[in-house]
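Fold and contact review
Residue strings, one per chain:
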Amino acid sequence: MDRLSAMETFVNVVEAGSFSGAARRLNVGQPAISKTVAQLEERLGVRLLLRSTRGLTPTEAGQSFYERARRSIEEADEADRAAQGAGAGLSGPLRICAAVTFARLRIVPHLKTFLTQHPNLTVDVVLDDRNIDMLEEGIDVALRMGTLADSGMTAKKIAQCERVVLGTPAYFKKAGKPKMPSDLAGHETIAHTRGGGGNTWTFRRGSTEAAVVTAGRLKVNAAEGVRAAVLAGMGITIASEWMFEQELKDGSVKRVLDDWALPAMDLWAVYPTGRLASAKARAFVAFVEEIMAA
């Protein structure tokens, strides 16, 4: 039995969730898939899969074997590409994921340059504000902001920016500008409920910390909605400078409470747990780092 081929078969069974799904992926008959997994379990002397009416799930030993097998396959692929020479360049599909607004403003406009640099590469961009399951969705690398919930993920911090309090000149003309964090109690505030801090905003100035629980009537779970509400003059919000970069430059939104600091916003490149970052994913992350540095 070819060990690497058997590993590839098993990895496809786990990711497809069935023998038939793996057979379709590999374009072989289902009996061949079943036989390979059975031989693999016999050789290792452990049960790798649990079979039920709901499908196949890896045992603890199977999950461990899956993660290492996946890594071995990717390393073998990397070795093949290295042997072919660096001049061959990057090729094939690259599937990335990022938050909708951040990608629309900061990533997608630059993808033409990245694709020009790598003419044999195809990029599939998944825009989603949720932290989706990267393995299930086949994501090679995700761009995530804020604090990472899963410390077990392979991640690299690639940029950071300030978070600021802002609103439109028209709103401030009507409601006045807050001078202290406590003044926000008298203002309409727009809370970003997913990754934006919600209704609790924590400020710091020197050794002084002030936590403000806002009482705004509008809560939005997506950055696109927060932007639309702010630009419509509906109130004040806190946001990363990335989210309103152009509007801050042209004056259509204004910062307030600049002598108080908010926790910075971190940008992370996240790779699927247990997988080696491919050369394509690493190249894309390096490209994003260049964009953010500029």
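Thresholds applied
- Residues numbered from 1 in each chain as written.
- Predicted model: local features only at pLDDT ≥ 70, side-chain atom pairs only at ≥ 80, totals over all residues.
- Heavy atoms only, no water.
- Core = buried A, V, L, I, M, F, W, Y, C linked by side-chain atoms within 4.5 Å.
- Buried < 20%, exposed > 50% of the residue type's maximum accessible area, 1.4 Å probe, protein only.
- Helix = DSSP H or I, 4+ residues; strand = E, 2+ residues; numbered from the N terminus.
- Pairing = 2+ DSSP bridges.
- Axes fitted to C-alpha atoms, helices over the stretch in contact; angles between N-to-C directions.
- Parallel < 35°, antiparallel > 145°, perpendicular 65-115°, else oblique.
- Contact = heavy atoms within 4.5 Å.
- Nonpolar A, V, L, I, M, F, W, Y, C, P; charged D, E, K, R; others polar.
- Phe/Tyr/Trp six-rings, centres within 6.5 Å; stacked < 30°, edge-to-face > 60°.
- Lys NZ or Arg CZ within 6 Å of the ring centre and 35° of its normal.
- Left-handed = near helix turned anticlockwise from the far one by under 90°.

This paragraph deals with the nonpolar core. Within the largest apolar cluster, 29 residues are counted, with the highest numbers of intra-cluster contacts made by Leu 143, Leu 267 and Phe 284. Of all the secondary structure elements, the ones that give two or more residues to this core are strand 3 (91–98), helix 5 (100–107), helix 6 (111–117), strand 5 (141–145), strand 6 (154–161), strand 14 (265–271) and helix 11 (279–293). Of the residues forming this core, the biggest block, 8 residues, is contributed by helix 11. In this structure, Val 13, Val 14, Phe 19 and Ala 69 belong to the second largest nonpolar core, which totals 19 residues.

Positioned with a positive phi, Asn 27 is a non-glycine residue whose angle comes to about 60°. Along the chain, the position of Asn 27 falls in the loop between helix 2 (19–26) and helix 3 (30–44). Unlike most non-glycine residues, Leu 257 shows phi in positive territory, near 55°. You can call Leu 257 buried: its relative accessible area is 6%.

Before going further, it helps to examine the pairing of strand 10 (residues 208–213). Sheet faces and side chains relate simply in a regular strand, where the side chains alternate between the two faces. Sheet topology places strand 9 (residues 200–205) next to strand 10; 6 bridges connect them, and they run antiparallel. Paired with Trp 201 across the strands is Val 212, a residue of strand 10. Remark: 2 residues form the turn of the hairpin made by strand 9 and strand 10, two consecutive strands paired antiparallel; Gly 206 in that turn has positive phi of roughly 65°.

The next thing to look at is the packing of helix 5 against helix 11. Relative orientation of the contacting elements helix 5 and helix 11 amounts to 75°, with a least axis distance of 11 Å. In terms of orientation, helix 5 lies roughly perpendicular with respect to helix 11. On the side of helix 5, the interface is formed by Phe 102, Arg 106 and Ile 107, while helix 11 contributes Phe 284, Val 288, Ile 291 and Met 292. Of the residues that constitute the contact of helix 5 with helix 11, the class distribution is 6 nonpolar, no polar and 1 charged.

Attention now goes to the environment of Ala 229. Along the chain, Ala 229 falls in helix 9 (residues 223–231). Taking relative accessible area as the criterion, Ala 229 reaches 4% and is therefore assigned buried. C-alpha separation for the pair Ala 229 and Ala 283, spaced 54 residues apart in sequence, amounts to 36 Å. Those residues in contact with Ala 229, other than ones at most four positions away along the chain, are Ile 190, Leu 218, Met 234 and Gly 235.

Counted by the stated rule, this structure contains 5 aromatic pairs. Summarising the aromatic geometry, the rings of Phe 10 and Phe 65 are spaced 5.4 Å apart at their centres and angled 65° between planes, so their arrangement reads as edge-to-face. A residue pair is termed long-range when its members are at least 10 positions apart, and Phe 10 in helix 1 (residues 3–16) and Phe 65 in helix 4 (residues 60–84) qualify at 55 residues. Just as Phe 10 is buried, Phe 65 falls in that class too. When the ring of Phe 114 is compared with that of Phe 284, the centres are 5.5 Å apart and the planes differ by 80°; the resulting orientation is edge-to-face. Placement of the pair is Phe 114 in helix 6 and Phe 284 in helix 11, with a sequence separation of 170 residues. Phe 284 matches Phe 114 in its accessibility class, with the two residues each being buried. A connected cluster of aromatic rings, assembled from ring pairs, spans Phe 114, Phe 284 and Phe 287. Here Arg 227 stacks its cationic end above the ring of Phe 244, 5.3 Å away from the centre of that ring.

Running from N to C, helix 1 and helix 2 point in directions that differ by 120°, and their axes come no closer than 8 Å. Accordingly, the angle class assigned to the pair helix 1 and helix 2 is oblique. Seen from above, helix 1 lies across helix 2 with right-handed handedness. Here Thr 9, Asn 12, Val 13, Glu 15 and Ala 16 of helix 1 lie close against helix 2, whose contacting residues are Phe 19, Gly 21, Ala 22, Arg 25 and Leu 26.

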